[in-house]
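Geometric and topological summary
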Amino acid sequence: MASLVGSRVERKEDTRFLQGKGRYTADINIANQTYAVFVRSPHARAKIKSVDTSKALKSSGVVAVLTGKEIAEDKIGGLIAGWAIRSEDGSEMKVPANPPLAKDVANFVGEPIAVVFAETLDEAKEGAEKVKVDYKVLKAVVDPADAMKSDAIHDGVDKNLCYDWLLGDRKAVDEAFAKADKIIKVDLINNRLVPNAMEPRACVVDYNTASEEITLYTTSQNPHLSRLVMSAFGGVAPENKLRVVAPDVGGGFGSKINVYNEEIVCSWASKKIERPIKWVAERTESFLTDTHGRDHVTHAELAVTKDGKFLGFKNETIANLGAYARVFGTVTPTYLFGPCATGVYVIPAAYSNVKAVYTNTAPVDAYRGAGRPEATYTIERLVEKAAMELGMDKTEIRMKNFPTQFPFKQTLVHTVDSGDYVAGLEKAKQMADYAGFEARRKQSEANGKLRGIGVSSYFEACGIAPSAAVMSLGCGVGLWESAEVRFNPTGQISVFTGAHSHGQSHDTTFAQIAADELGVPMENIDVVHGDTDKGTFGMGTYGSRSLTVGGIAIVNACKKIVEKGKRVAAKMLEVNLDEIEFKNGEFVAIKSNKKKTIGEVAFACYLPGQRDEMKSPIPEGDEPGLIESSFFDPTNFSFPAGSHICEVEIDPDTGNVKVEKYTAVDDFGRIVNPMIVEGQVHGGIAQGIGQALHENTQYDETGQLMTASYMDYTMPRADNFPEFNLGFTCTHATSNPLGVKGCGEAGAIASPPTVMNAVIDALGGQEISMPATAEKVWKACKTMKKSNAKAA
Amino acid sequence: MKSFNYHAPKDVKDASKLASSNSAFLAGGMTTIPSVKLGLASYKDIIDIKNIKKLSGIKVSGKSVTIGATTKHAEVAASKDVKKAIPALAKLAGNIGDAQVRNRGTIGGSISNNDPSACYPSACMALNAVIHTNKRKIDAEKFFVGMFETALKSGELVEAVEFQIPEKADYQKHPNPASRYAIIGVFVAKHKKDVNVAVTGAKSCVYIDKDLSKKLSSNFSVSAIEGTEVKSSGMNSDMHASAEYRANLVSLYAKKAVEGC
Ligand SMILES: Cc1cc2nc3c(=O)[nH]c(=O)nc-3n(C[C@H](O)[C@H](O)[C@H](O)COP(=O)(O)OP(=O)(O)OC[C@H]3O[C@@H](n4cnc5c(N)ncnc54)[C@H](O)[C@@H]3O)c2cc1C
């Protein structure tokens, strides 16, 4: 039987999604449900003097109105920060309470203050308009660069500073800088992004008054984790009385990791009002309250020798956490960012210093790439600038500083198990026709256009796991993953996973790997996820971890199935265990060539008795049935890497930037389904180009989100892209038996600097911040014309 | 969303009878529905005019093209007659917003709404259009009064827009990358006697750039307006574009439009 791993199997989920048969949270309705509408703060920062619900309670159809007062009285816990990060001076990070309904102060526009439940959605809206909140508006802190100089927005958080974190050795860096021929400096802004999952957040809650069990249907990337958090920290219900179901979820990108206010409030309230509740975010609510991404202000320096060797690196960053620290909020700008900021290079000395600040803006958390796009942007802008200032070729300077020995101990944290960075960049150069660029540039010039080329080489640490590692870095939970494989008596197989698919195609990929392990057709396998009542437990999907952690748990559970199958087959075939071989779904007795298929063995496992000639096939010491589970916790992160090359053409009259060519060469280790991987890379690159050229989240000075709709927030669209030219190299990961590395975030990590390096190249080295919108580029072109005129 | 009475009259008379100071006509709904949903507007009566057959369709005579008020952008873009008589108008319609908007939005809705960055008003101005309502005929230059403001009286219904067929014309637009409305749109039309350069997106309301129009009237070539400074004073400045950038785009797109004629 040919291996399914490695082949372009069509997606099992396509049929239902393309036919509109997906079943999302908003599609779920429960008899007698009420509709929830939240009353949200219109101010970025305000004292809540009073909340008057009396008029709302009398409004037609309103069932109940609840506020921060009631939720506090019921001792329901708030939202949490999942990682404890310490400051350089050893002190603990400062985390303000984040109640599900704000009671005393509101800290960002859109923060929920109260909730109205009514018989219809319109009645709930009407009721919400009648809740009178008396605010005392305070001056908002909006700009992260100014936050440390502004009023403290949270009691006990001096200078709005959550932590002042250091990774690395300042002294060693100073020494390295003293030896440098040249110091390259950049000042960068990593622009804030709104994740914009296609499906807005939603929840439907059903409290069963008889069993006292709460069922929460929600748009989550990690239902098991949500249950744990809601139970342990929210105190909403004991874990065994809380079932969390995340059915089809239309995209997350990190914004659906957190347990949000609305889920906690509706779960608590359903029990209180003894009615099912439905809440679906409107798009404006998504813009205002989904966790945002990025938002760094960085100064970084690279010490180099005149022949382009890197000696030292320093990174001083202010990271905006927004109003509150959420699940991955504190780790994203530290351990997910700092270590990767030295890039794919041998740099003997380095440090990253990050000050995370609170502002009166939406909370910032993990967003596709989480920290690693910011890191790659920092180092790759520096490297490109170094090449320019030293007059070296962009690829040569990179090659010169790549490690060639693996495992590679990078400067700050990671030991990268495998890779071949030289091969990746060589292949990218070839595929992009790097050598022919000059001719294309001249051609553009003849047409009155400016053409630029940009390169970026990246590595990233993903497959977010090793519990030992992450817990030592401050994670509040272990990040293993679990799987259960149930072989039913009649031959179909259910594979339960704790990972969650919201666009990653697990139904297909996981079925491919299980089918290979068990030697059965993929069609016999169903992948089940997203329901805490189905399967063991799980930590969910983010940080490109599903395959490298969750997939391996499936492989290991399948291996246990095969092991037990061998024992059973040996008994059935009346041979010794060591005479049994498992191949292509069959247990074969080597000497006699007698066989039992895995289906026959599974069937037998459920018939442990004796009747007529049939003997029990269950060996002594084994139990009946054929169900196995596994918890997998790898020994290391996985380290995908690669090189991307982009060419842009600029119209100096308008400043329009056109991405003309985009080449990506990635090393994801062994690839299970190339078509799915290419899709992940396409999406990631699209998001990265969005960050580089289009997406421009803007708050005004009072903390109002100016770009809170698609009329003002520019999402990248298909006609913004050329055809992406993708290639792969392969070195196997050594930290998991499949040799796979994460692929979900790489595109978004590598592409912003690739595009920006190309834009800046076209502009003759002039710095320009993301997003490089037409007007900014036009202004830069004017400056360039002026300085060219002067030079001439 | 506040609840309202929905009406779908079959003729103009019934529609105008239903109209009041607390009603809105519903054409494509591309503006009305989002503003009602977001609570920015509320009406007692919403009068859907899409069932009024007479309001839809395209007629071409020797001198003019008349487009019924509820004719969709996609229909104008695809019309062989429009493409032949005034290709620039078909092109304009074909570049409005996105496919969804073009298949719902109507010319009557567009001009009645008079969004400062809508495309059609510039065509009306440059092509000396006459707006036919259920009460009267209004010249384009009198119709577009100010930001989201027209000469329409309460309850007055646009029935059709009659465009004068020019010798040549072109429309050039710099789209807002988010909404794809015009950051700047320039409609240049060369008529027998004179040239009109109408600009949308730049100011609070569509206008004729008199300077550019005059120069092109005496010499219809790019060189005639080369170097003409377009002043940024009075131009919109917002997070999408500064006044200075808009001014640059007006002169640039005027040239492009002349080239495109
Ligand atoms: C995302 C997006 C992008 C867009 N991009 C562009 C663009 O690039 N260029 C552009 O020009 N436009 C653009 N538009 C506007 C769009 O093309 C529509 O023309 C506009 O939204 C209104 O037309 P409608 O037919 O949908 O009118 P409606 O929303 O139904 O009505 C709008 C207003 O006009 C009134 N009205 C409608 N018909 C009549 C009538 N016959 N008589 C009197 N009053 C009437 C209504 O009462 C209402 O007040 C865009 C819109 C959206 C949502």
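1. Section: the sheet that holds strand β11 (residues 242-245) of chain A
Residue and element names in this part refer to chain A. The 7 strands are arranged β3-β5-β1-β12-β9-β10-β11 in an open sheet whose pairing can be described as mixed. Edge strands, defined here as strands with exactly one partner in the open sheet, are β3 (62-67) and β11. Neighbour-to-neighbour, the strand axes of this sheet turn through a mean angle of 20°, independent of strand direction. Direction of pairing for strand β1 (residues 34-40) relative to strand β12 (residues 277-280): parallel, over a ladder of 2 bridges. Following the sheet pairing, Thr34 is matched in β12 by Ile277. The sheet strands contacting helix α6 (residues 223-232) are β10 (213-218) and β11, and the helix crosses β11 at an angle near 145°. Across the sheet, helix α7 (residues 261-273) is in contact with β1, β3, β5 (112-118), β9 (202-208), β10 and β12; its angle to β9 comes to roughly 25°.

2. As for the packing of aromatic side chains
Applying the stated criterion across every chain, the model contains 24 aromatic pairs over all chains. An angle of 50° between the planes, with centres 5.1 Å apart, marks the rings of Trp778(A) and Tyr245(B) as tilted. Of this pair, Trp778(A) sits in helix α19 (residues 774-791) while Tyr245(B) sits in helix α12 (residues 243-260), placing the two residues on different chains. Each member of the pair Trp778(A) and Tyr245(B) is classed as buried. Between Phe143(B) and Phe144(B), the aromatic rings sit 5.0 Å apart at their centres with planes inclined by 85°, giving edge-to-face as the arrangement. With respect to class, Phe143(B) is no different from Phe144(B); both count as buried. Ring-pair connections join several aromatic residues into one group, and the members of that group are Phe310(A), Tyr345(A), Phe402(A), Phe406(A), Phe408(A) and Tyr421(A). The ring centre of Phe17(A) lies 4.6 Å from the NZ or CZ of Arg16(A), which sits over that ring. Stacked on the ring of Phe177(A), the Lys or Arg Lys314(A) has its end atom at 4.6 Å from the ring centre.

3. Brief notes about the domain arrangement of chain A
Accessible area lost upon the coming together of the parts is a frequently used measure of interface size. Residues and elements named next belong to chain A. Here chain A is described as being made up of domain 1 (14-138 + 198-251 + 256-289), domain 2 (368-461 + 637-791) and domain 3 (480-632). For domain 1 and domain 3, the distance between their C-alpha centroids amounts to 39 Å. Contacts between domain 1 and domain 3 engage 20 residues on the former and 15 residues on the latter. Taking both sides of the interface into account, the surface hidden between domain 1 and domain 3 amounts to around 1500 Å²; carbon and sulfur atoms contribute 53%. For the interface between domain 1 and domain 3, the tally reads 3 salt bridges. Residues Arg243 and Asp531 are paired through a salt bridge, measuring 2.7 Å at the closest nitrogen-oxygen approach.

4. Examining the pairing of strand β13 (residues 296-304) of chain A
Residue and element names in this part refer to chain A. Taking burial as the measure, the 9 residues of β13 include 7 buried ones, the bulk of the element. In this sheet, β13 lies alongside strand β8 (residues 182-190) in antiparallel orientation, the contact comprising 9 bridges. Each residue of the ladder has a partner; that of Asn190, found in β13, is His296. As defined by bridge partners, β13 adjoins strand β14 (residues 310-322) across 9 bridges and the pair is classed as antiparallel. By the bridge assignment, Ala303 is partnered in β14 with Gly312. Counted along the chain from β13 to the antiparallel partner β14, the turn is 5 residues long, and its residue Gly308 has a positive phi close to 90°.

5. Structural notes on the interface of chain B and chain A
Across the boundary between the two partners, chain B contributes 22 residues, which contact 25 residues of chain A. Summing both sides of the interface, chain B and chain A together bury roughly 1800 Å²; the carbon and sulfur share of this comes to 47%. When the buried surface of chain B facing chain A is broken down by residue, Arg180(B), Met239(B) and Tyr245(B) rank first, second and third, together holding 31% of it. Taken together, chain B and chain A are joined by 3 salt bridges. A salt bridge links Glu129(A) to Lys2(B); its shortest N-O distance comes to 2.9 Å. Between chain B and chain A we count 8 residue pairs in polar contact (both at pLDDT 80 or more) in total.

6. Description of the sheet that holds strand β18 (residues 450-459) of chain A
Paired through backbone hydrogen bonds, the strands of a sheet run either parallel or antiparallel to each other. Residue and element names in this part refer to chain A. Read from one edge to the other, the open sheet built from 4 strands follows the order β18-β26-β27-β28, with strand pairing classed as mixed. Across the chains shown, the open sheet's two edge strands, defined by having one partner strand only, are β18 and β28 (724-729). The sheet shows a mean angle of 15° between the axes of neighbouring strands, direction not considered. With 10 bridges joining them, β18 and strand β26 (residues 641-650) adopt antiparallel strand pairing. Each residue of the ladder has a partner; that of Phe459, found in β26, is Ala641. This element, helix α18 (residues 746-762), spans β18, β26 and β27 (657-667) of the sheet and lies at about 150° to β18.

7. Remarks on the site of the ligand
Residues in contact with the ligand amount to 33 residues; listed here are only the nearest, Phe25(B), Gly29(B), Thr31(B), Thr106(B) and Cys119(B). In this structure, the ligand sits where chains A and B come together, each supplying nearby residues. Here an oxygen atom of the ligand sits 2.8 Å away from a polar atom, N or O, in the main chain of Ala27(B). Separating an oxygen atom of the ligand from a side-chain N or O atom of Lys173(B) is a distance of 2.8 Å. For the ligand, whose accessible area on its own is 960 Å², the fraction buried by protein is 91%. Considering each element in turn, the shell around the ligand owes the most residues, 4 residues, to helix α7 (residues 107-113) of chain B. Looking at the shell around the ligand residue by residue, the class counts come to 17 nonpolar, 13 polar and 3 charged. Each of domain 1 (1-51) and domain 2 (168-260) of chain B contributes no fewer than three residues to the shell around the ligand.

8. Observations regarding the packing of α19(A) against α12(B)
Interhelical geometry of α19(A) versus α12(B) gives an angle of 80° and a closest axis separation of 11 Å. Between α19(A) and α12(B), the angle is such that the two are roughly perpendicular. Residues Ala774(A), Glu775(A), Trp778(A), Lys779(A) and Lys782(A) of α19(A) touch α12(B), and the partners they reach there are Glu244(B), Tyr245(B) and Asn248(B). For the contact of α19(A) with α12(B), the per-class residue count stands at 3 nonpolar, 1 polar and 4 charged.

9. Notes on the side chain of Gln680(A)
Mapped onto the elements, Gln680(A) comes out in helix α17 (residues 674-694). Setting aside its immediate chain neighbours within four residues, Gln680(A) contacts Arg368(A), Gly503(A), Gln504(A), Cys743(A) and Gly744(A).

Conventions adopted
Residues numbered from 1 in each chain as written. Chains lettered and ligands numbered in written order. Predicted model: local features only at pLDDT ≥ 70, side-chain atom pairs only at ≥ 80, totals over all residues. Heavy atoms only, no water. Pairing = 2+ DSSP bridges. Helix = DSSP H or I, 4+ residues; strand = E, 2+ residues; numbered from the N terminus. Axes fitted to C-alpha atoms, helices over the stretch in contact; angles between N-to-C directions. Contact = heavy atoms within 4.5 Å. Phe/Tyr/Trp six-rings, centres within 6.5 Å; stacked < 30°, edge-to-face > 60°. Buried < 20%, exposed > 50% of the residue type's maximum accessible area, 1.4 Å probe, protein only. Lys NZ or Arg CZ within 6 Å of the ring centre and 35° of its normal. Domains from an automatic or database assignment. Buried area = accessible area lost by both parts, 1.4 Å probe. Salt bridge = Lys/Arg side-chain N within 4 Å of Asp/Glu carboxyl O. Polar contact = N/O pair within 3.5 Å; in protein donor to acceptor, adjacent residues only side chain to side chain. Near = heavy atom within 4 Å. Areas by Shrake-Rupley, 256 points an atom, 1.4 Å probe, with all protein chains shown as cover. Nonpolar A, V, L, I, M, F, W, Y, C, P; charged D, E, K, R; others polar. Parallel < 35°, antiparallel > 145°, perpendicular 65-115°, else oblique.

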